[in-house]
Amino acid sequence: MNTTLSKVIPGQMSLTPRWTETLSMAFKAIVKVKGGLLGAVFISIMLLCAFCAQWITPYDPNAQDIVHRFAGPGWAHLLGTDYLGRDILSRIIYGCRIAVLVAFGAVGLSSIIGVFLGVMAGYNEGEKIDYFLIWLFDIVRSFPQIILALAIVAVLGPSLVNVVMALAFTAFPFYGRIARAQTLSVKEADYIKAAEAMGQKPLTIILRHITPNIMAPVIVCLGMDMATMIIWESGLSFLGLGVRPPTASWGIMLRNGYKYIQVSPWMILWPALAIAFAMIAFSLFSEGLRVALDPKERER
Amino acid sequence: MKKEDPLLEVSKLTLDYRLGKRKMRALDRVSFQLEKGEIMGVAGESGCGKSTLGLAIIKLLPKIAEITRGEILFEGRDLLKFSEDEMNQKIRGQKISMIFQNPQHALNPVFTIEKQMTDILRVQEKYKNKRKRPHRYFRDQAIERLTSTGIADPAARLSNYPFEFSGGMKQRVMIGMALSSGTSLLLADEATTALDVTIEAQINRLISDLAAEYGTSVLYISHNLGVLAELADRIMIMYAGQIFEMGTTSDVFDSPSHPYSAALLESLPSRQARGKRLLSIPGFVPPLDQLPQGCSFHPRCRFVEDICTREVPPFEEVTDGHWSACFLDKKRGRKRWQWI
Amino acid sequence: MAMDLIDIRNLRTYFYQNKGLLSKVFGEGMKTVHAVDDVSLTIQKGRTFGLVGESGCGKSTLGQTIFRLVKAQSGEILFQGQDVLNMDPKTLMGFRKKAQLIFQDQYGCMNPRMTVGKIIAEPLLMRETGKMDKHDLFQEVAKLLLAVNLDSDSAKKFPNEFSGGQARRIGVARAIALNPIFIMADEPTSGLDISTAATILNLMQDLQDKLDITYLWVSHNLNQVKYMSDDMAVMYLGKIVEMGQTKDVFNAMAHPYTKALISAVPQVSASQQKKTIFLEGEIPSPINPPSGCRFRTRCPQVMKKCKTREPILTDLGGGHLCACHLHRAN
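Residues numbered from 1 in each chain as written. Chains lettered and ligands numbered in written order. Predicted model: local features only at pLDDT ≥ 70, side-chain atom pairs only at ≥ 80, totals over all residues.

**A short note on the overall build of chain A**
Phase 1: Of the regular secondary structure elements, chain A holds 10 helices and zero strands.
Phase 2: Each helix (α) and strand (β) of chain A, taken in turn from the N terminus, gives the series α-α-α-α-α-α-α-α-α-α.
Phase 3: By residue count, 42% of the 300 residues in chain A fall in the buried class.
Phase 4: Long-range contacts, defined as pairs at least 24 residues apart, comprise 70% of the intrachain contacts of chain A with a sequence gap of at least 6. (Helix = DSSP H or I, 4+ residues; strand = E, 2+ residues; numbered from the N terminus. Buried ≥ 20, exposed ≤ 12 C-beta atoms within 10 Å, placed from the backbone. Contact = placed C-beta atoms within 7 Å.)

**Observations regarding the arrangement of the chains**
Phase 1: When the two pairs of chains in contact are ranked by number of contacts, first place goes to chains A and C.
Phase 2: A minimum C-alpha distance of 12 Å separates chain A and chain B, which share no contact.

**Overview of the pairing of strand E6 (residues 96-99) of chain B**
All names here are of chain B.
Phase 1: By the alternation rule, side chains of E6 split into Ile 96 and Met 98 and Ser 97 and Ile 99, which are all buried.
Phase 2: Two elements, E6 and strand E7 (residues 185-189), share four bridges in a ladder whose sense is parallel. In the strand pairing of E7, Ser 97 is matched with Leu 186. (Pairing = 2+ DSSP bridges.)

**Remarks on the nonpolar core**
Phase 1: Counting residues in hydrophobic clusters, the biggest one holds 206 residues, and the most contacted among them are Tyr220(B), Ala173(C) and Ile240(C).
Phase 2: Once residues within four sequence positions are removed from consideration, Ile240(C) is found in contact with Val39(C), Leu41(C), Ala233(C), Val234(C), Met235(C), Leu313(C) and Ala323(C).
Phase 3: Ranked by size, the runner-up nonpolar core spans 65 residues in total, among them Ile92(A), Ala99(A), Leu222(A) and Met253(A). (Core = buried A, V, L, I, M, F, W, Y, C linked by C-beta atoms within 7 Å.)

**A short note on the sheet that holds strand E4 (residues 74-79) of chain C**
Residue and element names in this part refer to chain C.
Phase 1: The sheet built from four strands is open, its strands ordered E2-E1-E4-E5 with antiparallel pairing. A single partner strand is all that each edge strand has here, and the edge strands are strand E2 (31-44) and strand E5 (82-83).
Phase 2: On top of the sheet, helix H2 (residues 59-66) reaches strand E1 (4-17), E2 and E4; it is set at about 70° to E2, its chief contact. (Axes fitted to C-alpha atoms, helices over the stretch in contact; angles between N-to-C directions.)

**Topic: the environment of Glu190(B)**
All names here are of chain B.
Phase 1: Relative to the assigned elements, Glu 190 resides in the loop between E7 and helix H8 (197-214).
Phase 2: The exposure class assigned to Glu 190 is partly exposed, which follows from the 19 C-beta atoms found within 10 Å.
Phase 3: If we ignore the near neighbours within four places in the chain, the residues touching Glu 190 are Gln 101, Ile 221 and Ser 222.

**A word on the interface of chain B and chain C**
Phase 1: Between chain B and chain C, the contact holds 33 residues from the first and 26 residues from the second.
Phase 2: Those elements giving two or more residues to the side of chain B that touches chain C turn out to be helix H7 (167-178), H8, helix H9 (225-231), helix H10 (249-254) and helix H11 (259-266) of chain B.

**Let's talk about unusual backbone geometry**
Residue and element names in this part refer to chain C.
Phase 1: Phi at Asp 38 is positive, roughly 60°, even though this residue is not glycine.
Phase 2: Tracing the chain through its elements places Asp 38 in strand E2.
Phase 3: Using a count of 18 C-beta atoms within 10 Å as the deciding quantity, one classes Asp 38 as partly exposed.
Phase 4: One non-glycine residue, Glu 187, adopts positive backbone phi at about 45°.
Phase 5: Along the chain, Glu 187 turns up in the loop between strand E7 (182-186) and helix H7 (194-211).
Phase 6: Under the C-beta neighbour-count criterion, Glu 187 is labelled buried, with 20 such atoms within 10 Å.

**Quick word on the sheet that holds strand E12 (residues 322-324) of chain B**
Residues and elements named next belong to chain B.
Phase 1: Strand order across the open sheet formed by eight strands is E6-E7-E8-E3-E9-E10-E12-E11, with mixed pairing between neighbours. Two strands in the sheet have a free side with no partner beyond their single neighbour: E6 and strand E11 (316-319). The mean angle between the axes of side-by-side strands here comes to 20°, regardless of whether they run parallel or antiparallel.
Phase 2: Bridge analysis of strand E3 (residues 39-43) against strand E9 (residues 234-239) gives four bridges, and the strand direction is parallel. From the neighbouring strand, Met 40 faces E9, where its bridge partner is Arg 234.

**Focus on the environment of Ala194(A)**
Phase 1: Among the structural elements, Ala194(A) can be located in helix H7 (residues 190-198).
Phase 2: Each residue touching Ala194(A), except ones within four places of it in the same chain, is listed here: Phe103(C) and Cys109(C).

This is a description of form; function is not addressed.
Pasting the structure below:
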């Protein structure tokens, strides 16, 4: 600069707040939203179950004990046993791992693909690529989601990976549409014009300026979607088109519990509650996360 | 000749906004009188409380606002003691009306002008006479109101939607709804700030013409000193919830008796030659829950003295009709306050 | 003798509404907004050029066209002799570094998810061809913040944490980051209080003195334009109606619109009784501007020929131009 400001500026040398500051602000924000803290706690519990399943389960989820099958909750088996004498609690915990994998996997995959395509479409509004992508979104969306997922898994064969891919495929247009709509309004903003006036490259504008500012509704959807994906997985497994037995997934547990509902209500009760718990956890947490990531919500 | 009682008399009105644990003093012992037919300008920068004052008079404050002291005497009766029903039936839209900065926010975009105007007229008729009248009656009234505001071809315009009106025309509609022969007081909150200059001149002329015709008093809130200088009979200058100076327009603008008023005038580009610096008042407006001790302006005042930091200056009459809240004025007399 | 920094010749910028087929068949068909209609002006280096007008006059669009944020229909914009509208990418990069703008919306022009430091650093990172050391980058950003009287701690904060005046100053800091020689300021004090506006005006003047910047000052506030600008142009519905040195325009007020506009500006003048000229009617829409002289529907001195013949800008002497049949060229 050709001014006479040449003194060295001491002090905090950073252009962004310290990561500890950011974290504490995020935490405060999550707590501020009603239920956000509860959601965070629930999610933590689920993640704990998912990652540490092998260390915290009292029993091997596949260990059979025919003698003590259909047991109700008791000291030996806190949640009871199923039709093969397997400990329900341990199966729930392992089922949590499946749920988390499917939720994060399917949602992660679909949202990344969907948002990327959506922003591309929105930024090139009116061009051929936009029309093509809208057409793609609409085609995929016009299939009922469950039919599409069933079809894909039926073709590829039931397995965890295939379930994730099938669910991701059915969901990506949803994110695409949201991302595109948001992009259309965001790209008219003055800060985009400012970046263009600076001569910024289009790719940088998309990544640095557009994408972060469209994420708010996407994140809310992510949370809701994760809850939904768990339901889908359960549904597919219930129909026998999800993960293969003897893997413990909540959906499979529901299926078995359904068969034996007259004998032991516990078999179906606990997985149902687990699914409900997971849904609540993700819903609350996603709202808290959205607030936490929004700079406008910070205290002045 | 007996001096008529003032139409509006506000005495020591004090109002706090409660935000969680914080208490922001939005109005502090505000006291003034407004005569019948008078146009009083309320000037000040953002956060000084001028909008709050307007909303307090018509009692449209948010729930977090708490009036802790004072009274608002309108035609001799304290409005603060009126119930919501009484306010709706007798005061709002009839004796006291308010217009705002963005008329497009006051008009529902999915209904025609006719529907919106007749709806309001019907409600007012119900309050006044409790009679049912045919739609035609209200339609004619609406046309009359539009005509009085200078809108061309009002009968045809009734079937338009708000988006078909320009900003100036929408404001005319609002003025037409607000001002009628029964209106005693009009509160105008930045009524022309969002309009173009030539349209602003038209609208302000309309307001002053109609007010003169109906004998309406106007409390005109604006941060634009020029508009107030041309429109208002008297002016009050507010800062951090208090009135710092009040008097006739010529008194306040020609010989300001408060350093803040003088500072505002020296910040205007219209009063300074090209190339000369404008006054930039040092410091910043204090947050309303952390007002300094003594005079709330003292940390920024060029002429501050010891007493200003300790005691709150009383709002007193300096000369006939010219009021000021500053210790020093009495000592220096009516000498001009030169900042630069 | 000041040189011409920007030379705009016969610029036209149009916007099109209702382009689709359905509109043609069922609706009224395509509408053309003549936002900027054959505008020519010259901005000299080191001076401030004020551009005034009301809604729909095209002043903002003109500014945006200069920076290629909207596409021009036809015409030329010469910056230091080179045509901006037809520049090759490399020269365009150079132009984009020398010409900057300050937006009307002081908050909207900043990415709400970026810290102020990153916002100001963005142009700096584009300037350097190699990577910049983190320490040096911070120093540069801090220097820029100081230049607009904000302290270096601001770099960590987000735009919404600042007041209107401070946000405006951040925008100014970003604009001067690349050492531009030309800055367009679009309504730089809109939404600001009197004293905050004064601070910004002082700052802009100081920067102009120190950094020798040429300003294009777009504003509807005539008092401000009279105070800040050396030369000015008055626009109405996409056309320039009067142009020249500011003092000449204010003294002569040759065009009836200029006269009405200036007379309508509220003044806190000590004693003068101002005679306001009230223009009747609304500002026409730029989609279907009136034939002949566009101002004729509201002109207090309208004549018969104003309906059929469009007036052209004629020199009244000393570079003072006016487009009105009342002042015909000899």
